[in-house]
Structure formats: C-alpha cells, structure tokens
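Fold and geometry: a report
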Amino acid sequence: MSASDSSGGGSAGPSGPVGSDPADAVIRCAALTKVFKDFWLRPRVEAVSSLDMEVRRGEVFGLLGPNGSGKSTTIKLILGLLRPSSGRVTVFGRPSTDVSNKKRVGYLPEESYLYPFLTAEETLAYYGRLYGLDGRAIRERTDALLSMVGLEHARRRPVGEFSKGMMRKVGLAQSLINDPELLILDEPTSGMDPIATADVKRVIRRLRDRGKTIVLCSHLLADVEDVTDRVVIMFGGKARRHGPVGDLLERKDRTVVSLAGLEGIGEDKMVAALEAIGLTDLSVEHPRQKLEELFLEIVRRAQQEGVATSGARSGGAIAGFLNEASAGDDERSAEAASAAVLASLQAVDHPADAPAAPAASSGAGSSQDPGAGTDGLTQSEVAGPASGADGVNDDLLSSLTGTSDAQPSPEATTPGLGGAAESSGAAGSATVGAGGRASAGTTGGSSEPDADASVLADLLGGADADSGDKDKPGSVAGSG
Amino acid sequence: MRITGLLWWIGLVAATLIGAGAAYALWRGGSPGAALCAGWGGAAAVLAWVGLGLYRWREVGWVRGVRASVVLVLVGAVAGGLLERVGWRDAALVVAASAGMLLTAEVCLSLVRLALGWPVPMLAVARTLIDEARRMRIVGVLVGVMALGVPLLTFLMSPEERLEYRMGVFLLWSLTLVGLVLSIATVLLTARSVSDELAKKRAFLTLTKPIGRASYLGGKLIGAAGLNLALLAAAGAGVYGFALGLRAQPAWDVEDEIAVNNRVLTARQVLPPRPAEGTDLIGLATERLKALRERAAGDEAVEAEYGRIGDPPSAARPDLWQGILEQVRSSWLSVGPNETKEFRFTGLEKVYERASTSRERIQALLAEAGMTSDREVGPYLGQLNFVIRQQQAGLFPGRTIERLVRDFELIGERDPRFIEVLTADGRLSLETAAQVYRAAYTAPVQLRFQPEASSTPDEQVLLRMVVRGVDLSPRPVSEGDPHVVNVPAYFVEADGTLTLVVHNPPRVMGQGVGQAAAADAEAVPQPTISFNKADGLVVLHEVGGFELNLVRALLILWVKLFFLACLGAVLGSLLSFPVAVLAAAVAYAASAGSASILEDAAQYSRVAIDEGSLRVALAEAWQRAGQGFAQGEYGDVVKVAIALVAGAALQVVPSLDRFNPAEQVSEGIRVPWGDVAESVWRLGLLWTLALGAGGWWLFRKKEIAGASV
C-alpha cells in the first residue's frame, strides 16, 4: 500500500508507492521488510512486512497501530538503528544509515533514553555537540528549548531525578536542538500531563506551520487525530489503512448542528420542528465539558495564583531558532500559550475534527478569555440524517447566526494550540456544523423551502448568534 | 537583594581591593598591627564572599568543580592540621596528601573536560564518558583506593629499613598500585559505559545523531584516555611528592642517603660489557661452526642444517647460526678456574667529566684536613662510611677511627695506605670524611653482577673484580644473587671506558679476606663462574633525572591504559557488561602474564614455544607428538596440544609485561624514550588499531536495536 495516497477516504490493502514527486518525499519505504532472526539465524519474528510508505515534506504523518504492530521497528529502520531484511528505506533520498542525513533529523524515542547523571542543560549541550553546534548556539538553544518545555527552573537538576513527564520534555527538547527538518516523535505525550500534552501538540502544529516534516507515532489516538495530516494504521507489520485523517474519519451519513442553548424552546419542540421538515433519526445531547478542560482550567488558575511547584511547568513560546520565519510568534507568553490551549480545547465539539477541515465559527474572536467559553455553558446536540438536508442546513446556519455566507478564515482551518487563539472565538458562539466535517462550508447549497427556515427561527426565539451569546450554545445532528 | 553574577564579581574585586588597599595604606602609615588586622579582615571578607558565590551558584557546572576543589583544600588543610596538632603526624600526612591528589585529579579533569569542549561529536561522547566516570561509584572507590593507598604505602615499611630500600619499594608498589587500579577502573568504565548504553538504549538516541559508530567508540576511547591522563597526573604528583617526602626522612648513613639519590631517585643507563679489544666473537662462532661441520662431515642431515665445510656461516640455518652465536657470547661471559678475563664498558664520557669535578673536591677536602692528597681513597669509602656510622651512632664511644677499623678488620694488611689515612685521626674529622664520601659518590658508577657457579659447596664464590688495580670485591659473595659495587666515577678513563678485570681464583673454605689460609684448610673445588648475558654483568651510570623518568613511565602506563580502554569498549559493544568485563579480565591476565604462561607451557610440554621461532616450535611439537603416538604415550600428545593452543592464543594478545616500567623506576634505571615510542607504536597504534578496527567492524554489523514486537 502507499501511505502517500491522499485520495479521499483512504485506502486499505497494500499497493505500490504512489508516484508523487520524489523530491517532495522525505521518507520513502519500498517493500520494507524486517525479519528478526534467532541465534541460529532462523526467522523468529516478521516485525515489518512489505511496507510501502512515503512521508512528504511539511506534513505531520501519523504512524498508528496496536502494540507490536511494527511501528517502532519501522521508526528504527528509518533511523538506521536497524537494517532492512529486504526492501529499501531512504531518508532525504539517501540510505537511512547515512550519517550525514542525521544532521537534519530529530528523534524522540518512545522512552527517555537520557543520561541520568547529566543535568537538563548538560543533556541538551551533549546532544548539541553531537550536532556540532558551538558553545554559543548551544547556550542559546538550550535556554530557548528549556523555556519552551517549561523546565527552565530544573535546568541544573540531574535528569535522573526527573519525573517521566519531565524526562519526556527534555527528550522533546533534545530532538529539537538541531532545528531538524524531519522530526520523528515516538509516543511524544506518553507520561505527560494534559498541560504538557497540549504543549506538545502546540509545538507539533507550530513546527508543521514552519514547514517541518513530522512523523508521529502514538497510541493516544486523540492526540494523533488532533495534529496529523495523514496517517497509516499498521497491524501485524503491514499497513492496513492510510490517508488524510479527515478523509478517514469523516462520517458522511451524519450531520451535527451546534447551537446555543434551547432555553425557552425545549428540546421536544426542536425535535418536532426538525421532524416536521422531514428529518428523522434525530438525537439531542448536551455536550459535557471534558475532564481535560476542567483540569487545564484548574491548573491555569493555580498558576495565576502563583502556587509554587518543583515539577514541570507549562511550556513557553516556541524556541526562537525554530521559528525564525515569524519572530513575532516568539513573543507569545507562556500564559498566552496556555490560554490558547484552553481556547482550542473549548472549541465547539466536532465529530470529526480534521486538521484540514475548517472549523465553522461565527462571531469569531469575540472572546479572548480562555475560560469564558466554559462558564455556564449548556450545549445541546441534535443529531439527524444529513442526506437531502444540505439546503436546510444552510438555512439553519443563516437563521441561527445571520452569517450564512460566512467562510472560515485560513487561520481557523488549523485547530489546536497554534491556531487556537485565532479560532477561539468559536467557543461560546452559536455555531452550526453540518456534515461529517462539522463545517458550515461543507454542506452544499441551499434548496429547501424558506418556510422551514422560518419555523426554526420561531422555535429558536430569534437567537442571535452574532450577538455573541455565549451562554447557550448547542449542536444539532441529524440525518434524513 | 538578588545577587547577579556581575554584582558578585564587582563585590569580589571591591572586597579584595579595599582589604588590600587598607592594609597597604596602614602599613605605609606606620601601623603594621592595624595593617595586619585590615589584611586579615579583607581576606575574611573575600573568603566569605567567595563562599557566598559558591553557595549561590552551587548548581552551575564549573562552580561545582570549584566548590569540590575548595572542599578538598579545606579538608586537607583542616583535617591534616588537626591531626598534626594531636600528634598523629602520619595520619595528617595521609589525609593531606590524599586530598591533594584528589584536588589535582579534579583540576586536571576540569582541564581535560575543557579541552574536550569543542563541538565535535566524538569529543562530546568523550566528555560525557568523563562525566559518567565522575558519577560512577566503582570508579570513585578505585580512585579513592589509589588516593589513600599511595600515601599509606609510605607507612607500611619499617623505618628501621634502609631508606634506599624503602624508597625503591615505595616506588615499585605505588606505581604497581596505580597501574592496577587504573587498569581495572578503565576496563570497568569503558565496558560498562558502552554495554550499558546499548542495554539501556541510550545509544539509540546518540546514534541517531550525526555520529558514526567508529566515532562513537573513538569518543569512548578518547574520554577514557582523557580521564586516565588526569588521574595519572594526580597519581604521578602523589608518587613524586611522597618520594620527595620520603627522601627528607633520616637515612641510615651517608651511604644510604647517597644511594637514595644515586640508585633510586635517578635515571641510570645499563651498559653491558664489550669484549676486550682483539676478541672476535664472530670469529669464535665461525670456528665453532667449522669444528661442528668437520665432526659431522658426510652426515647429510647435519650438512643440510649447518652447511658443508668451506661454506660461509650464512649457509647454516639462520636460527642455528644465532644459537651458536649465543653460545659463544655465553661462554665469553664465563670465567673458568684460575682464568682472568677483561671486560670493557664504554660510553662513559659524561661520567668521566663529572668525575674530574669530584676528584678535585676530594683533594681539596683532604688538603684542608692537612693530609697528603695523592692517596686513592675511593676503594675504602665503604669502610669509611661504616666507621662514620658507628661513630655517629655513638656505639663505641672513645674509640678512634683507627681502632674501629682494626677492631672490625675492615681493611686488613693489604691496605696500609688507608690505615695511614684513617690513623690521621683528628685531622680527618667525621664531617670531612662524610664530605669526602659524598664527593666521591656524587655521580658514581655501579657495577652490578650476578655470578652463577657450576658447583659450590657453600653457594659462595670468590671473584676478584679489579678496576685500575683496586679489588672491588675482596671477599666471597653468594652465588645466584645480584650484587652491587659502587665504583668511584674517577675510575673511568678519559675516553669514557671502564675496564674491569675478573679473575676466578682458588678459594679455601673459611678463609677471610686478608687472612692467611689455615694449614689444614680445605680447598674449595674451583667452579666456572658465569654471568647471565642479559643482565648478569652490567654497569649503571646516571644519565638523567628521576622526574623525567617518572613521566616516561607514566606515559607508558597511559598508553597501556589506552589499549585497555579500547579492549573494554570493544568488548562492551559486543557483549553484556559482566561478560565483557570477564573477557577483558582474561585477556588482560593473558597479556600481562604471557611470558610466564608461555614459559610454564613450554616446561609442561617440553616444547620450546616460548622461544622465538614459531617454525622451530611447530617442528619440535610435531616431532614430540609423533614420538608420543609411536610410544603410546598419549599424555605427551595432549600436553603438546595444550601447549600449542596456549602458544597460539598468546600470539594474538600483546605482551603487556613488556610495558611495565615500575620496576625500572624503582631501581633508578632509565626508561628510555625508545620504550615510550615502542609502547605508542606497538600498543597504542598497532594493537589498539587492530583491536579497534575489528571491534568497529563487528559493531558496525551489529543491529543496535532488537526485536520489540
């Protein structure tokens, strides 16, 4: 199979590499096979079997699979720690064992294989020297990276004393010390708390924005889903499915409409109204705040109150040397970054939040308070069949937000930490999502009678999403 | 107030300037007491400020190093001072010296780390190995053993022993201890560092960086070399310091005092004798070959090996010709009954130059004492020293030197002139006599001989060893033991030659020196006395100082440790830690004892696998094995097989015992630069490169990561 195939819906089953521009491919695996042998050279385990895969420049590529599916072996083959039994793997067009390639690669292993006797800054200095960085560059990058991962206060403590999460942060920092073009992250959020996890995802997005190529291997599917452009799912050493995340996850048979609360209207009326216009198989739910959101909020408040901790702290701005293309972003404070994390997590719930899919929002940017969107929210979700309801959904959007022609801004198309601040206005706004991609822009043109729209408007009591009513958002999903 | 680095430096400079300025101003103003107070106050303020800085920035790497150094200085000074105050001088010295050695090691390690700070991947690995070593408990314990052991060695020997002996033993033991400890530490460190990094997967991360596997192993090697350099510097400083301290202790006598400087804390060259002019060893060997050919004329087998009559010597098989030459040399170094042989030691021009000065000094001293100065006192100086020692010890109060000489039969009837010198009692004071002795032996030549006799009833031999008409060895000496005779430097001829005449006279049982033989005394059968060709008869003379000799010895040790580091790293890259260490220990033991193992194997199997030619050894083994089979003595065949396996195994390990300079240093024998160069070439380059290349090839093939599915 080819994981380079970006055709919608992904594909299953093996096939040869798709003929994309070879110059664009950072990693190419062709019929890659790795068989481990025993002492007598008898085949013992076939860890990777005829894997065809291609990772393109500038994308975040997810390598997924259950334990023992061959992900780590694939990564070790890519890094030259193992040699293929057959097939070929090239990185930047050269064999993976080519030492000169490695100047362009950063690697975070699945466990923190760090020297316990070195302090955090000595660790980074060591890896910096391995890349041939001079003392000044090492000092500058060490400062920036430790600040970025929130370990500035622990820079002179031996790594052996660190918690697992702190070690992972040092590991992440070392993988970035050379400002790599290709970053390979094996379980980057393993052992990390939600704050650190959010930080890591923010870093990944920012690096992707800077044109870095990232290979992400993780069990935490939610994390992968948040940040990857394309994924390959492995099982038994073979690639089982691949393609853009959005395409793989999109459910074309469901539509979610998200809107402010239904107080004064009642769910029954809402459902009746929707059934009246021919929608069936409806469900209404009240989205709950995620535990992660709650956790982040508590920690954020503790930080604002100045509660001391010797453990890991929330990360700061992306290290400047990684961000040379837009120096202004460097000045983003740690607090702002945390706020962005919160904002992104409080964004409207989307069944399939693909990175490429624009998050529908109206009244965008109405709130810069990361906590505001979660206060007093009562969301309701009505799910129903989407088929044949595109025009209705458009009208719904128009009725609810008054911005039926609203198109998502390019910034808003990237959810998460990096783009979260820009799209944070989604929180607390009346929002309508339709289709599997939860986007107003994906629902197609309007062809339904105006009467239906007016019924809905009546039912909703003239709720004006434009007014920035953050109290009662809700979502409606349906098919019909 | 928050103290920043800049503020701290300003404070330090200010406190120093204010304290020093105030003290200077007060001193200039005529108030020395106040100046002293100001000086002490300023010093205290500076110290307090420094202490504050060390505490404030205690987690900064280089501050930690400075703090460790300060702590070591304080421990050495305070603990040493306290122990000294309570009367435990030896303990004080040990504590202070240990702290000093550790301080030296710390400073040297910091310098090495600084030197390894270049942004080169290989040096980064090297630097991290040093950091690892500093935190490894086992290395810490071994360094502690070394830092404590070297000072303690000086106190393990009884002060009743001669100082020369104590000095020699101290140097031998301390250098052996340093070599042993650092060898173990090096192998443990490198084997563990590499094998642990592979087992704990730290190497995964390192080897995904732009560093090749050869550079990775090379980095480990350089790190170990840097570490050993620092530790050897500390150990060398400790050994040197204690040698100086030991030298300052009271010697037995003047001879002992001089022997320490002339025989131990020096660097002497060993000169073998040359045949007297007209002696043609090649000619003798040719004659012997000719006689052999004549005896075996017609025997084709012998002629095939030794050539025919009339053939040149080169027609003989080379190893057989060399064997004949060796026999001739050995017989030349033998003195038959009533035989007299002359041996010449050349190349002593420098000794002659120094001797002229000492001769003038002796003559001046004797002239000052109002004595005629044409007497040759050199041969009697040993006796003179004995007398001086008795007098100094006050063992025989009231006795004159003359009386002592006669009482102890030191001179005998043969030396009336010396009696004259000594009977000038009152003119030749003890002090002057000691000065004469020192002057005579400032730069002496030592004659060292080890006589082997064919048969003696009492294991004693009598040798007349005469230089310029003076018998240097007037009485029987034990056979098989080494003996040393000091030869005054001015016995050397102007052309730098020392001519020794050796006579093997008849001897009578129980006859003392200078005594007439008893009428019924039994004559001792006269044996043939021979000297081992390697070092049975040699002359030693000073050619350099102890300091440089010690440095050369430490350099050889360093090269040896370099090889061991390579051994540890290579084995660590292929095997797990315990197996790697075990394998390294076996290889080390085989290397260190290869000569004696070969010798034992040769004795066991009666096949000369310990002597040069492999072809000859194999032929001999084949022959012996054939005989064993033919006679049904299969045990012999097994023995031969074992010997051959041992011989073959030892062919592939370098002979480390060749590179052990501790004995040379302890005997004051020069470690030549040639030995250093040879150790660098053979051990540091050839063997290390061969081992490293082989290890790298295997490591390169090795898949670092294993199955993880």
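The shown structure was predicted, so the numbers you read here are calculated from the model rather than taken from an experiment.

**With respect to the pattern of salt bridges**
Across all of its chains, the model carries 28 salt bridges over all chains by this definition. Residue Arg42 of chain A pairs with Asp38 of chain A through a salt bridge whose shortest N-O separation is 2.9 Å. As a salt-bridge pair, Arg192 of chain B and Asp196 of chain B come within 3.7 Å of each other at their nearest N and O atoms. Of this pair, Arg192 of chain B and Asp196 of chain B both sit in helix α7 (residues 163-199), four residues apart, which is roughly one turn of the helix. Residues participating in the shared-partner salt-bridge network are Glu121, Asp143, Arg155 and Arg156 of chain A.

**Description of the environment of Val187 of chain B**
One can find Val187 of chain B in helix α7. Setting aside its immediate chain neighbours within four residues, Val187 of chain B contacts Arg192, Leu564, Gly568 and Ala584 of chain B.

**What about the sheet that holds strand β5 (residues 86-91) of chain A?**
Residues and elements named next belong to chain A. Read across the sheet, four strands follow the order β3-β2-β5-β6 without closing on themselves; strand pairing throughout is antiparallel. Looking at the sheet topology across the chains shown, the edges are occupied by β3 (43-56) and β6 (94-95). Those strands touched by helix α1 (residues 71-79) are β2 (25-37), β3 and β5, and its axis lies near 65° from that of β3.

**With respect to the pairing of strand β8 (residues 464-467) of chain B**
Residue and element names in this part refer to chain B. Only one face of β8 is buried, namely the one carrying Met465 and Val467, since none of Arg464 and Val466 on the opposite face is buried. Strand direction decides the pairing type here: β8 and strand β12 (residues 498-503), joined by three bridges, are antiparallel. Looking at the pairing, Val466 lines up with Val501 of β12. Pairing of β8 with strand β9 (residues 470-471), which is carried by two bridges, proceeds in the antiparallel orientation. Within the sheet, the bridge partner assigned to Val466 lies in β9 and is Asp471. Connecting β8 to the next strand, β9, in antiparallel fashion are two residues, including Arg468 with a positive phi near 50°.

**Focus on the nonpolar core**
Grouped together as the largest cluster of nonpolar side chains are 93 residues, with contacts concentrated most on Met53, Leu182 and Ile184 of chain A together with Tyr216 of chain B. At six residues, helix α2 (residues 120-130) of chain A tops the list of elements feeding residues into this core. Formed by 75 residues, the second largest nonpolar core is a distinct cluster that contains Ala97, Leu142, Leu227 and Ala235 of chain B.

**Digging into the confidence of the model for chain B**
Residues and elements named next belong to chain B. Per-residue pLDDT for chain B has a mean of 80; in total, 83% of the residues score no lower than 70. Taking the mean pLDDT of every element in chain B, the minimum, 49, falls on helix α17 (residues 416-423) and the maximum, 94, on helix α19 (residues 546-574). Counting interchain partners and residues more than four positions distant, the pLDDT-below-50 stretch residues 409-417 has 17 contacts. For this predicted complex, the interface confidence comes out at an ipTM of 0.72, alongside a pTM of 0.72.

**Considering the packing of α2 of chain A against helix α5 (residues 121-135) of chain B**
Direction vectors running N to C along α2 of chain A and α5 of chain B enclose 150°, while the axes themselves pass 7 Å from each other. Of the possible angle classes, the one that applies to α2 of chain A and α5 of chain B is roughly antiparallel. From α2 of chain A, Glu122, Tyr126, Arg129 and Leu130 of chain A reach across to α5 of chain B, where they touch Pro121, Ala124, Val125, Arg127, Thr128 and Arg135 of chain B. The residue inventory of the contact of α2 of chain A with α5 of chain B, partitioned by class, reads five nonpolar, one polar and four charged.

**Structural notes on the environment of Asp319 of chain B**
Relative to the elements of secondary structure, Asp319 of chain B occurs in helix α13 (residues 318-332). Taking the C-alpha atoms as reference points, Asp319 of chain B and Ser605 of chain B, 286 residues apart in sequence, are found 21 Å from one another.

**Comments concerning the state of the cysteines**
All names here are of chain A. As enumerated under the stated definition, the model contains zero disulfides over all chains in all. Looking at Cys29, it has no disulfide partner, and the nearest cysteine sulfur is the one in Cys217, 13 Å off. Overall, Cys29 belongs to the buried group, its relative accessible area being 2%.

**Digging into the environment of Phe170 of chain B**
Residues and elements named next belong to chain B. For Phe170, the position within the fold is in helix α7. For the pair Phe170 and Leu54, spaced 116 residues apart in sequence, the C-alpha separation works out to 38 Å. Not counting the four nearest positions on each side in its chain, Phe170 is found in contact with Val150, Leu153, Thr154, Met157, Val239, Phe242, Ala243 and Leu246.

**A closer look at the interface of chain B and chain A**
At the junction of the two partners, chain B supplies 39 residues and chain A supplies 38 residues. Interface area for chain B against chain A, summed over the two sides, is near 3,500 Å², with a carbon-plus-sulfur share of 62%. Viewed at the interface, chain A and chain B are joined by two salt bridges. A salt bridge links Lys34 of chain A to Glu703 of chain B; the shortest N-O distance between them is 2.5 Å. Between the two partners, chain B and chain A, sit eleven residue pairs in polar contact (both at pLDDT 80 or more). Listed by contribution, the elements that provide at least two residues to the side of chain B that touches chain A are α5, α8 (202-206) and α25 (673-701) of chain B. A per-element tally of the side of chain B that touches chain A places α5 of chain B first, with eight residues. Residue classes in the side of chain B that touches chain A are distributed as 16 nonpolar, seven polar and 16 charged.

Cut-offs used in this document
- Residues numbered from 1 in each chain as written.
- Chains lettered and ligands numbered in written order.
- Predicted model: local features only at pLDDT ≥ 70, side-chain atom pairs only at ≥ 80, totals over all residues.
- Heavy atoms only, no water.
- Salt bridge = Lys/Arg side-chain N within 4 Å of Asp/Glu carboxyl O.
- Helix = DSSP H or I, 4+ residues; strand = E, 2+ residues; numbered from the N terminus.
- Contact = heavy atoms within 4.5 Å.
- Pairing = 2+ DSSP bridges.
- Axes fitted to C-alpha atoms, helices over the stretch in contact; angles between N-to-C directions.
- Buried < 20%, exposed > 50% of the residue type's maximum accessible area, 1.4 Å probe, protein only.
- Core = buried A, V, L, I, M, F, W, Y, C linked by side-chain atoms within 4.5 Å.
- pLDDT = per-residue confidence, 0-100.
- Parallel < 35°, antiparallel > 145°, perpendicular 65-115°, else oblique.
- Nonpolar A, V, L, I, M, F, W, Y, C, P; charged D, E, K, R; others polar.
- Disulfide = S-S within 2.5 Å.
- Buried area = accessible area lost by both parts, 1.4 Å probe.
- Polar contact = N/O pair within 3.5 Å; in protein donor to acceptor, adjacent residues only side chain to side chain.

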